[in-house]
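Each chain, written out:
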Amino acid sequence: QAQLVESGGGLVQAGDSLRLSCVGPPRAVMWYTIGWFRQAPGKEREFVGAISRSATMKYNDNVVKGRFTISRNNAKNTVYLQMNSLKPEDTAIYFCAAAQPGNPAAVVGSYESWGQGTQVTVAS
């Protein structure tokens, strides 16, 4: 299983931007589907978006609404989640996760490895 580490969270104001990073072992982000999920207190883990090994992107449009972008830097073994126009409803712990190619990206059960999460807090 891939070992993933998220970073980049913090406290921001509404309308601000953050870029989260997900770092994996060498070449892991090029092999696995890398998904981003978030979980707010008392809520289920929610799919945000994912990038496949072929670099195809999938987003949860109900969450992203055109504001977030996933990208990958293979040389740095890193997948990024760029979040713009943040609002208080985006406050959550954000996780990255790795799934074998071909599994449905929006399904929590597709993922075999998870990072520990990074907290994003958006103030009004």
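Look a little higher up for the structure.
Heads up: these notes are all about the structure in this document. (Residues numbered from 1 in each chain as written. Predicted model: local features only at pLDDT ≥ 70, side-chain atom pairs only at ≥ 80, totals over all residues. Heavy atoms only, no water.)

1. Side note on the sheet that holds strand β3 (residues 18-23)
Stage number 1. Across the sheet, which stays open at both edges, the four strands sit in the order β1-β3-β8-β7 with antiparallel pairing between neighbours. Since the sheet does not close on itself, it has two edges, and those belong to β1 (5-7) and β7 (68-73), each with one partner. Each strand of the sheet is rotated relative to its neighbour by a mean of 20°, with strand direction disregarded. (Pairing = 2+ DSSP bridges. Helix = DSSP H or I, 4+ residues; strand = E, 2+ residues; numbered from the N terminus. Axes fitted to C-alpha atoms, helices over the stretch in contact; angles between N-to-C directions.)

2. Remarks on the state of the cysteines
Stage number 1. In the structure shown here, the tally under the stated rule is one disulfide.
Stage number 2. Through a disulfide, cysteine 22 is tied to cysteine 96; the S-S separation comes to 2.1 Å. Here the S-S torsion is close to 75°, and the disulfide linking cysteine 22 with cysteine 96 is therefore right-handed. Residue cysteine 22 is located in strand β3, and its partner cysteine 96 is located in strand β9 (residues 92-99); the two are separated by 74 residues in the primary sequence. In terms of burial, cysteine 22 and cysteine 96 fall into one category: buried. (Disulfide = S-S within 2.5 Å. Buried < 20%, exposed > 50% of the residue type's maximum accessible area, 1.4 Å probe, protein only.)

3. Some words on the pairing of strand β5 (residues 46-51)
Stage number 1. In terms of burial, β5 is largely enclosed, as five of its six residues are buried.
Stage number 2. As defined by bridge partners, strand β4 (residues 33-39) adjoins β5 across five bridges and the pair is classed as antiparallel. Its bridge partner being in β5, glycine 35 is matched across the sheet by alanine 50.
Stage number 3. Of the strand pairs in this sheet, β5 and strand β6 (residues 57-59) are connected by three bridges, and their pairing is antiparallel. From the neighbouring strand, glycine 49 faces β6, where its bridge partner is tyrosine 59.
Stage number 4. Taking the residues between adjacent antiparallel strands as the criterion, β5 and β6 are bridged by five residues, where alanine 55 takes a positive phi near 70°.

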